[in-house]
Each structure stands twice: as structure tokens, then as C-alpha cells.
Amino acid sequence: MGSVFAQTKSKTTVVQSVPKLTRLIADTGLPYKKVNDSLMVIPFEGENIATYNVVVQKINDLYIVYTNLTEALSGKIDDTKYKFLLQQNDYFDVVKIGMSADDNTVYVRADVYIVGITTALLTRIIKQVANVTNIIVGDLK
């Protein structure tokens, strides 16, 4: 009868990959708070608004980069400001101003396709959304 030798299994360490959005945001060098794998919040300060957040959210094949202007200008956006906000879309290229049909919340927003996005491009878009928010807040004060 032959001898039986048991082999021990080598332990395999499971390395979890970092989600692409987390890696991209971390590589921007901007401070951020990770809410979950598809939602990041980046704090900003501006000349016209002390503090506000730029949100980056993954939805399907897009990254939606936005600020909630209604929240940033609490109580200052009403029916008299809508025409002005709509006209501001003529002055900005990638960044647009929109309104939620559900509750009339006004957003400064840019949508970018995930395919082909780079850290440099995402950083530029985040900063554009932040800058436009700061400009519009200054105009509406």
C-alpha cells in the first residue's frame, strides 16, 4: 500500500478592486467623502458662498457632477429668478443649470460619459461646476 501525502492549500488573499469612481476622485487630489461606490461629495469654499458641496454620482454610463443651488441659496430662489437662471445656460459650455420637475430644486450640473473619462477631465469638470455655482450665487445675492 502506498503512502498518501497531504498537501496544504496555499492561502489566497482576495484583493478587492477599488471602484473606478473612487480611484478617479482620489486621484484628483481634492478632499472628498465617499457615501458609497457610486456617490462622492467634494466640499468647496468660494468668494460668494462660504461652503458648498459638489456631488459626483455614477448613474448607468454617466458621471453626473452637480451642486444643489436651491440648497446653497436657501430661500433665495423663487419664480422671479427662473428666467435669469435659464439665461445663464448661454454663458457656460459644459455646465448647465436645470430644475427638478418633482420639487423645483435648481441644480448646476454637468454630465460626462464614463467611457474615456480621465482624472484630468473629471477634475476640470468638478472645478467648473464649483466655479459656476460660486458665480451664480454671487449674481443672485
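No experiment lies behind these values; they were computed from the predicted model shown. (Residues numbered from 1 in each chain as written. Predicted model: local features only at pLDDT ≥ 70, side-chain atom pairs only at ≥ 80, totals over all residues. Heavy atoms only, no water.)

1. Looking at the pairing of strand β3 (residues 52-59)
So, step 1. Pairing geometry for strand β2 (residues 39-44) and β3, over six bridges, is antiparallel. Among the inter-strand pairings, I42 is bridged to a residue of β3, identified as V54.
So, step 2. The pairing of β3 with strand β4 (residues 62-68) spans five bridges and is antiparallel. Each residue of the ladder has a partner; that of Q57, found in β4, is I64.
So, step 3. In this structure, the hairpin formed by β3 and β4 is closed by a connection of two residues, where N60 is found at a positive phi of approximately 55 degrees. (Pairing = 2+ DSSP bridges. Helix = DSSP H or I, 4+ residues; strand = E, 2+ residues; numbered from the N terminus.)

2. Quick notes on the pattern of salt bridges
Think of it this way: side chains of opposite charge can pair up when their charged atoms draw near.
So, step 1. Summed over the entire model, instances satisfying the criterion amount to two salt bridges.
So, step 2. When the shortest N-O distance is used, the salt bridge between K34 and D37 registers 2.8 Å.
So, step 3. By relative accessible area, K34 is classed as partly exposed at 38%.
So, step 4. Residue classification places D37 among the partly exposed residues on the basis of a relative accessible area of 45%.
So, step 5. Salt-bridge contacts for R109 lead to D111; the nearest nitrogen and oxygen are separated by 2.8 Å.
So, step 6. Classification of R109 as partly exposed rests on a relative accessible area of 38%. (Salt bridge = Lys/Arg side-chain N within 4 Å of Asp/Glu carboxyl O. Buried < 20%, exposed > 50% of the residue type's maximum accessible area, 1.4 Å probe, protein only.)

3. Structural notes on the packing of helix α1 (residues 20-28) against helix α4 (residues 119-140)
So, step 1. The N-to-C vectors of α1 and α4 enclose an angle of 70 degrees; their axes lie 9 Å apart at closest approach. The orientation of α1 relative to α4 falls into the category roughly perpendicular. In contact with L24, I25, D27 and T28 of α1, α4 contributes T119, L122, T123 and I126.
So, step 2. Residue composition of the contact of α1 with α4, by class: four nonpolar, three polar and one charged. (Axes fitted to C-alpha atoms, helices over the stretch in contact; angles between N-to-C directions. Parallel < 35°, antiparallel > 145°, perpendicular 65-115°, else oblique. Contact = heavy atoms within 4.5 Å. Nonpolar A, V, L, I, M, F, W, Y, C, P; charged D, E, K, R; others polar.)

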